[in-house]
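# Structural description and commentary
Spelled out from the first residue to the last, the chains are:
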Amino acid sequence: MSAHEKAAPGPTVIPFGPQHPVLPEPLHFDLVLQDEKVIDAIPQIGYIHRGLELLVDKRDYLDYVHVAERICGICSFMHGMGYCEAVETLLGITVPDRGRWLRTFWCELERVHSHLLWLGLGADSLGFENLFMAAWRARETVVDVAEETAGGRVIFGSALVGGVSKDPSDETLKRCIAAMKPVRAETLRLANVVMNESTVRHRFEGVGVLSKEMAYALGAVGPMLRASGVDYDVRRRGYAAYAEVDFETVTETAGDCMARALVRVREIEQSFHIMDQIVATMPSGPVAVPVKGMPPVGEAWVRLEQPRGEVLYYVRSNGTRNLERFRVRTPTFANVPAMVEAVRGASLADVPNIILTIDPCISCTER
Amino acid sequence: MARTAFRNFFTKPATRRYPFVVRPVFEATRGRILNDFPKCILCSMCAKHCPANAIVVDKAAGLWRIDRFACVICGACIRACPVKCLAMSNERAKGIDFSDIPGRTHEHNRATEPAAPKPAAPAAGTPNA
Ligand code: SF4
Ligand code: SF4
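All of these numbers come straight from a predicted model, not from anything done at the bench.

### Brief notes about the overall build of chain A
- When its secondary structure is counted, chain A shows 13 helices and eight strands.
- Against the compact-globule benchmark of 21 Å for 367 residues, chain A has a radius of gyration of 21 Å, which places it among compact chains.
- Considered along the principal axes of its C-alpha atoms, chain A spans approximately 85 × 45 × 30 Å.
- A buried classification covers 60% of the 367 residues belonging to chain A.
- Surface accessibility of chain A: about 13,900 Å² in total, with carbon and sulfur atoms responsible for 56%.
- Across chain A, 39 positive and 47 negative side-chain charges occur, with their mean positions spaced 3 Å apart.

### Let's talk about the overall build of chain B
- Along chain B, the regular secondary structure elements total three helices and five strands.
- In sequence order, the secondary structure elements of chain B are arranged as α-β-α-β-β-α-β-β.
- Of the contacts formed within chain B by residues at least 6 apart in sequence, a portion of 70% connects residues at least 24 apart.
- For chain B, the accessible surface area stands at approximately 8,100 Å², while carbon and sulfur atoms represent 61% of it.

### Looking at the interface of chain B and chain A
- Facing the 20 residues of chain B at the interface are 27 residues of chain A.
- On the surface where chain B and chain A come into contact, there are two salt bridges.
- For the salt bridge of Glu-147 of chain A with Arg-23 of chain B, the shortest nitrogen-to-oxygen distance reads 2.8 Å.
- Taken together, the elements giving at least two residues each to the side of chain B that touches chain A come down to α1 (2–7), α2 (45–49) and α3 (76–80) of chain B.
- A class-by-class count of the residues in the side of chain B that touches chain A yields nine nonpolar, five polar and six charged.

### Brief notes about the pattern of salt bridges
Residues and elements named next belong to chain A.
- Tallied over the full model, the rule gives 36 salt bridges over all chains.
- Residues Glu-108 and Arg-235 are paired through a salt bridge, measuring 3.3 Å at the closest nitrogen-oxygen approach. Residue Glu-108 is located in helix α3 (residues 97–125), and its partner Arg-235 is located in the loop between α9 (223–226) and α10 (257–280); the two are separated by 127 residues in the primary sequence.
- A residue is classified by how much of its surface remains accessible, and Glu-108, at 0% relative accessible area, is buried.
- As a salt-bridge pair, Arg-316 and Glu-324 come within 2.9 Å of each other at their nearest N and O atoms.
- The network of salt bridges with common partners includes Glu-108, Arg-111, Arg-226, Asp-233, Arg-235, Glu-267 and Glu-305.

### Some words on the sheet that holds strand β8 (residues 325–329) of chain A
All names here are of chain A.
- Read from one edge of the open sheet, three strands run β6-β7-β8, paired in antiparallel fashion. Looking at the sheet topology across the chains shown, the edges are occupied by β6 (298–306) and β8. This sheet shows a mean twist of 10° between the axes of neighbouring strands, independent of strand direction.
- Pairing of strand β7 (residues 309–317) with β8, which is carried by five bridges, proceeds in the antiparallel orientation. Bridging from a neighbouring strand, Val-315 pairs with Phe-326 of β8.

### A word on the site of ligand 2
- Around ligand 2 sit 13 residues, and of these Cys-50, Cys-71, Cys-74, Gly-75 and Cys-77 of chain B come closest.
- Residue composition of the shell around ligand 2, grouped by class: 12 nonpolar, one polar and no charged.

### Digging into the packing of aromatic side chains
- What the rule picks out here adds up to 10 aromatic pairs over all chains.
- Between Tyr-239 of chain A and Tyr-242 of chain A, the aromatic rings sit 5.0 Å apart at their centres with planes inclined by 70°, giving edge-to-face as the arrangement. The two residues Tyr-239 of chain A and Tyr-242 of chain A agree in class, both being buried.
- An angle of 70° between the planes, with centres 5.5 Å apart, marks the rings of Phe-6 of chain B and Phe-10 of chain B as edge-to-face.
- Its guanidinium or amino end placed over the ring of Trp-136 of chain A, Arg-139 of chain A lies 5.5 Å from that ring's centre, counting from NZ or CZ.
- Of note, Arg-236 of chain A hangs over the ring of Phe-247 of chain A, and the distance from its end group to the ring centre comes to 4.2 Å.

### A word on the sheet that holds strand β2 (residues 28–34) of chain A
All names here are of chain A.
- As summarised here, the arrangement of the three strands in space is β1-β2-β3, forming an open sheet in which the pairing is antiparallel. Among the strands making up the open sheet, the edge pair consists of β1 (12–16) and β3 (37–44). Pairwise comparison of adjacent strand axes, ignoring direction, gives a mean angle of 25° for this sheet.
- Here β2 pairs with β3 via seven bridges, running antiparallel. What sits directly across from Leu-33, in β3, is Val-38.
- Sitting on the sheet, helix α11 (residues 331–343) is in contact with β2 and β3, with an inclination near 160° to β3.

### Some words on the side chain of Glu-310 of chain A
Residues and elements named next belong to chain A.
- The topology assignment puts Glu-310 in strand β7.
- Only 3.1 Å separates the side chain of Glu-310 from the side chain of Arg-303, close enough to count as a polar contact.
- Those residues in contact with Glu-310, other than ones at most four positions away along the chain, are Val-221, Gly-222, Tyr-232, Val-234, Arg-303, Leu-304, Glu-305, Arg-329, Thr-330 and Pro-331.

### Here's the deal with the confidence of the model for chain B
Residues and elements named next belong to chain B.
- Scored by pLDDT, chain B has a mean of 74; 77% of the residues are at 70 or more.
- Counting contacts from residues 98–103, a segment whose pLDDT is below 50, to residues more than four positions away or on other chains yields five contacts.
- In this model residues 118–129 is a low-confidence stretch, pLDDT under 50, and it forms 23 contacts with partners more than four residues away in sequence or in other chains.

### Topic: the nonpolar core
- One finds Tyr-83 and Leu-109 of chain A to be the most contacted residues of the largest nonpolar core, which totals 119 residues.
- With near-sequence residues (within four places) excluded, Leu-109 of chain A lies in contact with Val-142, Val-145, Ala-146, Thr-149, Phe-156, Met-180 and Met-275 of chain A.

### Side note on helix α5 (residues 170–179) of chain A
Residue and element names in this part refer to chain A.
- Considered for burial, the residues of α5 that qualify are Thr-172, Leu-173, Cys-176 and Ile-177. Buried residues along α5 cover an arc of 140° about the axis, so they all sit on one side. More than 90 degrees from the buried face of α5, the exposed residues found are Glu-171 and Lys-174.
- Buried-residue contacts for α5 involve α3, α4 (129–150), α6 (181–196) and α10.

Analysis parameters
Residues numbered from 1 in each chain as written. Chains lettered and ligands numbered in written order. Predicted model: local features only at pLDDT ≥ 70, side-chain atom pairs only at ≥ 80, totals over all residues. Heavy atoms only, no water. Helix = DSSP H or I, 4+ residues; strand = E, 2+ residues; numbered from the N terminus. Rg over C-alpha atoms; globule rule 2.2 N^0.38 Å. Buried < 20%, exposed > 50% of the residue type's maximum accessible area, 1.4 Å probe, protein only. Areas by Shrake-Rupley, 256 points an atom, 1.4 Å probe, with all protein chains shown as cover. Lys, Arg positive; Asp, Glu negative; His and termini not counted. Charge placed at Lys NZ, Arg CZ, Asp CG, Glu CD. Contact = heavy atoms within 4.5 Å. Salt bridge = Lys/Arg side-chain N within 4 Å of Asp/Glu carboxyl O. Nonpolar A, V, L, I, M, F, W, Y, C, P; charged D, E, K, R; others polar. Pairing = 2+ DSSP bridges. Axes fitted to C-alpha atoms, helices over the stretch in contact; angles between N-to-C directions. Near = heavy atom within 4 Å. Phe/Tyr/Trp six-rings, centres within 6.5 Å; stacked < 30°, edge-to-face > 60°. Lys NZ or Arg CZ within 6 Å of the ring centre and 35° of its normal. Polar contact = N/O pair within 3.5 Å; in protein donor to acceptor, adjacent residues only side chain to side chain. pLDDT = per-residue confidence, 0-100. Core = buried A, V, L, I, M, F, W, Y, C linked by side-chain atoms within 4.5 Å. Arc of directions from axis to C-beta.

See the structure below:
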C-alpha cells in the first residue's frame, strides 16, 4: 500500500452536546458515524440534576407542590397538579367541580404554549427564523392569558392540594378565550406553513422515521407515539374534567419528523376546542377543599398527559407531614430509547432536527 | 411565508419599546410579598413554610427579613401566616437598589416599626419595599 492510499476508515465518534446551538438544555450524545450516517447514538444525561424528588422529605407535603411545579418550566402547572392528584388520591379527597374545570383549562393552556414553543424551537433547528418568530409571537398572547388567570406567565403557581388557588371570574375566562381567537387563526396559518413550505418539508419528511412497532416496543409516549400511528392519550382516562369534554386524539401514521410536527400543530387546535368547552360549561362553586392533618400511611400513583406525553407520579407516605418518596417518570425520559432509534440511520446534519422533534425536556428528565 | 415577509413592512412591531412602554400588570399577577409589619407577631411560620428559605425571622431582635431574589413568589408564606399580615402585591419588586447593598433583602424592624395597636405606618421610603 502506498503512503497515499488509506485503509477504509472505521466508525468515527462525534460528540453532540451538552452545549449545542439547537439544544435549549444540556443533553449529550456520542454519535457513532460511518461516513455521514449515524450508525449508533449513545445518550448521556445527568447535567442538570437538582435532587428535587429528595426535597419531598424535607418539606411539608402541602408546600411541596411549589417545588413540584418547578421540576419543569414548561409543564409547570401539570407537574404541580400531578403531585396534587397523587396526594389527593392518597388522602381520598375529591376536588370540587370548578377546581377540576380550571385545572383542565390551565392544562390545555399549557399544552398550547408548550406546542407553540416547540414549533418555534423546531423551526429554529432548521434555521427557519421567520417561523420561529411567528410561533413565539403567537405564544405571547397565551402566556399573557396564563398570567391574567393564574398569576404567572410560565410558573402558573395555581395548583394546590385540594383544588386550585386562583379563581378567575367567568368574564375573565371568556375575555381570555376571545383574546386567543387570533392565536387560533395564526396557528392554522402556521400549520399550513409547516405542511407546505418546501424548507420544512425538505428537512422533516422521511427523516427520523420511527415505525409503529418500534415506537410501541420502546415505550415511546405522547406525540412521538401518536405520530407513529398508536392511538394512545392518557387524557382518555378522564382525570380532571377530561371525561366531560369532547376531543379528538390526534394521530399520524408516517412516524417521521413531519408527522411529529403535525401531531403537535393539530393538537393545539384540539386544546383550543377543549378550552372553549371548559369555559362554556364552567360550573360555579368553590375551587378547593380545605386539607388538614397528616396523610395516611400508604402510596398512590397517577398518570397525566403532558404536552410531551405520559407522565407518572408516585408518592409514598409514612404518616408524617413529610412524604417518604416522590417519583416522577417524565415523558422525555421514556422517549430517550425511541429518540436513539430515530437517530440511527439518519445523516449527521439531520440529527439536530430529529432530536428537536422529540421535544426534549431535560430539566424534567433529570429533576 | 413570502406574504408574511411583505406584510411585516406595514405592521407595527410585535415588541414594545421597553422601558418607555411597559405592559400593565394583571390583577392576578404574582408580583412580590408585602408584610403589614405592625400586625406581624414574628412567629416564624412564614419562614418555616417558605420553599426557598427566603424569609428570616428573628424574634429576639424584632426582625423580619425577605430576600427578594431568593423568593419565588409562590405564596406559601401567605397561607401559613396565622395573623394574615402577609399579602401578595401585583407590583413586581424593582431591580436592585444600590443604596441598600447587600440590598436584595427587604427588612422590617421592630425598632423602627412598633407593633400594633400603637399607630405606626410601615417605614416610608424603605428601599425595595
Ligand atoms: S407568619 Fe405572619 S405573623 Fe408569623 S412571622 Fe411570618 S409574617 Fe409575621
Ligand atoms: S412567596 Fe414563597 S418563596 Fe416567597 S417568601 Fe413567601 S413562601 Fe417564600
